[in-house]
Amino acid sequence: MMRTAVSVSVAPTAVTTRRCNAAPQAAIRTTRSGTLGNTTHARSLVKASAAQSLGVDRWNDTYYPTGSDAAAVHKNWYIVDAEGKTLGRVASLVANHIRGKHSPGYTPSMDMGGFVIVINADKVAVTGRKEEQKIYHRHAVGRPGSWKKETLEQIRARIPERIVEKAVKGMLPKGRLGNHLFTHMKVYKGAAHPHAAQKPIDITGLIDAKP
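Presented here is an overview of the structure given in this document. Computed from a prediction, not measured in an experiment: that's the story for all the values here. (Residues numbered from 1 in each chain as written. Predicted model: local features only at pLDDT ≥ 70, side-chain atom pairs only at ≥ 80, totals over all residues. Heavy atoms only, no water.)

**A few points about helix α3 (residues 87–99)**
- Here α3 spans 18 Å end to end across 13 residues, near enough to the 18 Å set by a 1.5 Å rise per residue.
- Within α3 the residues assigned to the buried category are Leu87, Val90, Ala91, Leu93, Val94, Ala95, His97, Ile98 and Arg99.
- Taken together, the buried residues of α3 touch β1 (77–81), β2 (115–119), α6 (161–169), α7 (176–182) and β5 (185–187).
- Of the residues flanking the end of α3, it is Gly100, one or two places downstream, whose phi is positive at about 95°. (Helix = DSSP H or I, 4+ residues; strand = E, 2+ residues; numbered from the N terminus. Expected span 1.5 Å × (residues − 1). Buried < 20%, exposed > 50% of the residue type's maximum accessible area, 1.4 Å probe, protein only. Contact = heavy atoms within 4.5 Å.)

**Side note on the sheet that holds β2**
- Spatially, four strands are ordered β5-β2-β1-β6 in an open sheet, and the strand pairing comes out parallel. Both outer strands of the open sheet, β5 and β6 (201–202), are each paired with one neighbouring strand and no more.
- In terms of strand pairing, β1 meets β6 through two bridges, oriented parallel. Note that in β6 the partner of Ile79 across the bridge is Asp202. (Pairing = 2+ DSSP bridges.)

**Structural notes on the packing of α3 against α6**
- It is the contact of α3 with α6, at a shortest axis distance of 9 Å, that shows an interaxial angle of 60°. Judged on the interaxial angle alone, α6 and α3 are oblique. As for how α3 packs across α6, the hand of that crossing is right-handed. When α3 is examined against α6, the residues Leu87, Ala91, Val94, Ala95 and Ile98 are found in contact with a partner set consisting of Ile163, Val164, Ala167 and Val168.
- For the contact of α3 with α6, the per-class residue count stands at nine nonpolar, no polar and no charged. (Axes fitted to C-alpha atoms, helices over the stretch in contact; angles between N-to-C directions. Parallel < 35°, antiparallel > 145°, perpendicular 65-115°, else oblique. Left-handed = near helix turned anticlockwise from the far one by under 90°. Nonpolar A, V, L, I, M, F, W, Y, C, P; charged D, E, K, R; others polar.)

**Some remarks on the pattern of salt bridges**
- Counted by the stated rule, this structure contains six salt bridges.
- Salt-bridge contacts for Glu150 lead to Arg138; the nearest nitrogen and oxygen are separated by 3.3 Å. Remark: Arg138 occurs in strand β3 (residues 135–140) and Glu150 occurs in strand β4 (residues 143–151); sequence separation between them is twelve residues.
- Assessed through its relative accessible area of 40%, Arg138 is described here as partly exposed.
- With its nearest N and O atoms 2.9 Å apart, the salt bridge here joins Glu150 to Arg158.
- For Glu150, a relative accessible area of 13% translates into the label buried.
- By sharing partners, the salt bridges in this structure join Arg138, Glu150 and Arg158 into a single network. (Salt bridge = Lys/Arg side-chain N within 4 Å of Asp/Glu carboxyl O.)

Given below as structure tokens:
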């Protein structure tokens, strides 16, 4: 009788243990099958439950700009007179203000800069013998056989705006962000420009300013 009682009492315990172990395995299989959503949704649920149980994280107060912070209506306009100024110094100043590196809210992955107008691009200065030695290359996409080259002197006579544009383009990030930032630069070969209504801020004096 004692042996029979022991066998009867152990059997339900074993069944109960198997059922308890099967429950999380079924949940795991259900999660993997996608019926409860993808992994990102599951992680968001875990974070939400943790936030409710632990409250607000007072140590994680890092600021990250939103889309409204980077909106064009909040951007400043700047103007740079390139007459007699060194090409590299002009390009670095323009690139910094386009990216927003001068701003305390600068974030590398966001468009936090402003619009920059460059006038007198045809009178930008270069050092040494770059007028004859600096070469600009171009060719059609996928057809290097149409490769052409021009000196800085030749391109200054043909399209002087291209000199500043290429210099600034090389200082911007590559990819979608850099292509978007490049549209915030307006280059003109003369002193006239159609952006007087934006009341641009003159930052030409910062070209020779020492850090």
